[in-house]
Every structure is written in structure tokens, then in C-alpha cells.
Amino acid sequence: MNILTSPAAISFNQNDIQIMGILNVTPDSFSDGGQFTQIDNALHQVEIMINEGASIIDIGGESTRPGAVDVAESDEISRIIPVLKAIKARFDVAVSIDTSKSNVMAQAIEYGADLINDVRALQNAHCVEVVAQSSVPVCLMHMQGKPRTMQQNPHYDDLIDDISAFFKQRIAVCEDAGINRNRIILDPGFGFGKTLEQNYQLLSQLAAFKSLGLPLLSGTSRKSMIGNLLNREVSERLVGSITTALLAIQNGATIVRVHDVKETMDAIKILAITHKTTCA
Ligand code: 8Y7
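Heads up: these notes are all about the structure in this document. In this text the structure is predicted, and so the values were computed from the model without any measurement.

Thresholds, definitions, all that
- Residues numbered from 1 in each chain as written.
- Predicted model: local features only at pLDDT ≥ 70, side-chain atom pairs only at ≥ 80, totals over all residues.
- Heavy atoms only, no water.
- Near = heavy atom within 4 Å.
- Polar contact = N/O pair within 3.5 Å; in protein donor to acceptor, adjacent residues only side chain to side chain.
- Areas by Shrake-Rupley, 256 points an atom, 1.4 Å probe, with all protein chains shown as cover.
- Nonpolar A, V, L, I, M, F, W, Y, C, P; charged D, E, K, R; others polar.
- Disulfide = S-S within 2.5 Å.
- Buried < 20%, exposed > 50% of the residue type's maximum accessible area, 1.4 Å probe, protein only.
- Salt bridge = Lys/Arg side-chain N within 4 Å of Asp/Glu carboxyl O.
- Helix = DSSP H or I, 4+ residues; strand = E, 2+ residues; numbered from the N terminus.
- Contact = heavy atoms within 4.5 Å.
- Phe/Tyr/Trp six-rings, centres within 6.5 Å; stacked < 30°, edge-to-face > 60°.
- Pairing = 2+ DSSP bridges.
- Right-handed = clockwise from strand over helix to strand, strands pointing away.

**Here's the deal with the site of the ligand**
Moving on, step 1. Every one of the 13 residues lining the ligand counts as a neighbour, but Asp98, Asn117, Asp187, Lys223 and Arg257 are closest to it.
Moving on, step 2. Gly219 has a polar backbone atom sitting 3.3 Å from an oxygen atom of the ligand.
Moving on, step 3. Arg257 is positioned such that a nitrogen or oxygen atom in its side chain is 2.8 Å from an oxygen atom of the ligand.
Moving on, step 4. In isolation the ligand exposes 400 Å². Once the protein is present, 94% of that is buried.
Moving on, step 5. The class makeup of the residues in the shell around the ligand is six nonpolar, three polar and four charged.

Shown next as C-alpha cells:
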């Protein structure tokens, strides 16, 4: 186990652990109140996360929390692209763009995005083609339903089998379009159409997806699966976030998407040394 810190590209080596720091540029983001909408604030926040050990910064312009409404493409572009440009001009860090819209993907790729992070796994129109025409890696996340209604009674015949089948189908679509397997990262999508029990089953059985042979990304930071289990407000979910991140890594995740980079890094360093590690 080797902890990659910046500068770094996205690593596909199963021994490399990477922290993806969340930078939200949506005005209605539920956990930072949209306070980083200004570019200067965004850059400041990015610099802190890099210094704390994030090697990937994830920028999102659309809130996908349960109940969230759709954001216009032009709004997403005007939120994301200036921040992407500013980060790439200033820092040597991999930038991930959290979007499901093909035109946002295309512009982001043009301005140097290092990863497309799509919670809809490239299912929207033209997304597969846009990514195929580039050489950028993509994270395919599983979601059941749509953000507005996904937490209303999610159902699976078999949670792990159903999500595995979804991954296989999306990988096949990508490969057919010319996206090589070695550009694909998988994410089971904690909180996206899953009950509390299903989220914790996923966390404990994450290793089941390793048989697909692709890197696994896990995003549990500050989510309801923590709040609802522990009865904690968003601001009180740090311990739960770190604990779930660590469990995800122990169960096979190599990238963790987090708000609290410094604290997560402390925990990962302790995990890594027990795996006889050199920390980068
Ligand atoms: C995830 C994500 C969100 C996740 C990946 C939140 C954009 C909700 N969650 N992307 N995005 N995985 N890959 O609470 O779990 O951060 S948004």
C-alpha cells in the first residue's frame, strides 16, 4: 500500500491509495453551503487540500443529493470551467469533473480535466462518444433511479449481483465505443438509491467488485448513511466519514472521495503502516 500525494495523475495501480478532495461549486451544496463559489475561495480550498495530501480534486457544478433538481448545462459550464482553468494554471494536481452532461465533459476535457466522474455512468446522450474521443479516464458510478426520487424504496434482487451486472453492462458499452478498460474506475455509489442497510452491505462486500479487475472509488463522506446510523448532523459526521473511508480501503477501494482530506490522510497513514508501507 502506497499513498499517492500530489503531484499525481490518476493511478490504476491497485497498491496506490489516492485521496480525492471534494470541491463543490454548486450554490446549494448541502455540506459547505456553497461558500466556495468564488474562484479565489476555490483556489484557496484546493491549495489546502493539496497540502493535506489530496492528489485528485473533484469539481462538481450540479448537486446530486437526494431531492436535488436539474441544473442547466450553461450554469454547470459557467460554474466548472473557470475553476478548472484556474486550478490547472496554478497547481500540479489531477482534476476530476463531476458531470453527466456531454457538453460539459467535452469542454472540461479541452481544458485539461484528468478524470470524468459521472454519477450516471455515461448513460446520458453522447457521453460515451465524448469520452471515447479523448484519452481521459472515467469513473462509472452506480445509481438506482434518479436523484430526485432515488431514496424512495430502493429495491434489488441481489444488491451485489445487480450492481456487478450494471458495471459489466456499462464497461461493455464503453469498450464497444473504444474506451479501453484501463481507463475505467468503478464506484458502487453509496447513497444513490440504497437503503441504510444496503449501503453498509456494500461497504462490507466491496471486495466483491475487485473481480472486475478495475480500480474502485468510494464516496461516503458526510453522507446520510453515516448521519442516519449515528443520528448526527452533517457537521458531526467526521468520525463516521473517516471510519467508512478506512473500511472501504480495507475492502478494496483505492480512491476515496472526501471532504476532510487532512483527517482522512491521518487515518490512511496508520492503515498504510500496518501494511508495511512507504508513504509518498
Ligand atoms: C459521489 C460522487 C457525489 C460518490 C462519485 C455527495 C459527485 C453526493 N457522491 N461521485 N458524487 N461517488 N464517484 O454527498 O459517492 O457528495 S455527490
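**Topic: the state of the cysteines**
Moving on, step 1. This structure, assessed with the given rule, holds zero disulfides.
Moving on, step 2. Lacking any disulfide linkage, Cys127 is separated from the closest cysteine sulfur, that of Cys174, by 10 Å.
Moving on, step 3. Taking relative accessible area as the criterion, Cys127 reaches 0% and is therefore assigned buried.

**A few points about the pattern of salt bridges**
Moving on, step 1. Within the structure shown, the criterion is met by six salt bridges.
Moving on, step 2. Note that Lys88 and Asp114 form a salt bridge whose closest N and O atoms lie 2.7 Å from each other. One end of the pair, Lys88, is in helix H2 (residues 73-90); the other, Asp114, is in the loop between helix H3 (102-110) and strand S5 (115-118), and 26 residues separate them in sequence.
Moving on, step 3. On the basis of relative accessibility, which here comes to 29%, the residue Lys88 falls in the partly exposed class.
Moving on, step 4. Note that Asp260 and Arg222 form a salt bridge whose closest N and O atoms lie 2.9 Å from each other. Residue Asp260 is found in the loop between strand S9 (255-258) and helix H9 (261-274), and its partner Arg222 is found in the loop between strand S8 (217-218) and helix H7 (224-230); the two are separated by 38 residues along the sequence.
Moving on, step 5. When its relative accessible area of 17% is taken as the criterion, Arg222 is described as buried.

**A word on the environment of Ile57**
Moving on, step 1. Examined against the element boundaries, Ile57 turns out to sit in strand S3 (residues 56-60).
Moving on, step 2. Ile57 sits in the buried class, given a relative accessible area of 0%.
Moving on, step 3. Considered as a pair, Ile57 and Gly21 are 36 residues apart in the sequence and their alpha carbons are 4.9 Å apart.
Moving on, step 4. Non-local contacts of Ile57, meaning those with residues more than four positions away in its chain, are made with Gly21, Leu23, Val46, Met49, Ile87, Val93, Ala94, Val95 and Ser96.

**Some points on the packing of aromatic side chains**
Moving on, step 1. This model, assessed by the stated rule, comprises two aromatic pairs.
Moving on, step 2. Ring geometry for Phe166 against Phe167: centres 6.3 Å apart, planes inclined by 55°, an arrangement best described as tilted.
Moving on, step 3. Judged by its relative accessible area of 1%, Phe167 is buried.
Moving on, step 4. Ring geometry for Phe167 against Phe209: centres 5.4 Å apart, planes inclined by 80°, an arrangement best described as edge-to-face. With Phe167 in helix H5 (residues 159-177) and Phe209 in the loop between helix H6 (196-204) and S8, this residue pair connects regions lying 42 residues apart in the sequence.

**Examining the pairing of strand S6 (residues 138-141)**
Strand residues, when the strand is regular, have side chains that alternate between the two faces of the sheet.
Moving on, step 1. By the alternation rule, side chains of S6 split into Val138 and Leu140 and Cys139 and Met141, which are all buried.
Moving on, step 2. The sheet contact formed by S5 and S6 spans three bridges and is parallel. Across the sheet, the residue bridging to Asn117 is Cys139, located in S6.
Moving on, step 3. After leaving S5, the chain enters helix H4 (residues 127-132) and then returns to the sheet as S6, a path that is right-handed.
Moving on, step 4. Across four bridges, the pairing between S6 and strand S7 (residues 184-187) is parallel. The residue of S7 that forms the bridge with Cys139 is Ile185.
Moving on, step 5. Crossover connection from S6 via H5 to parallel S7: handedness right-handed.

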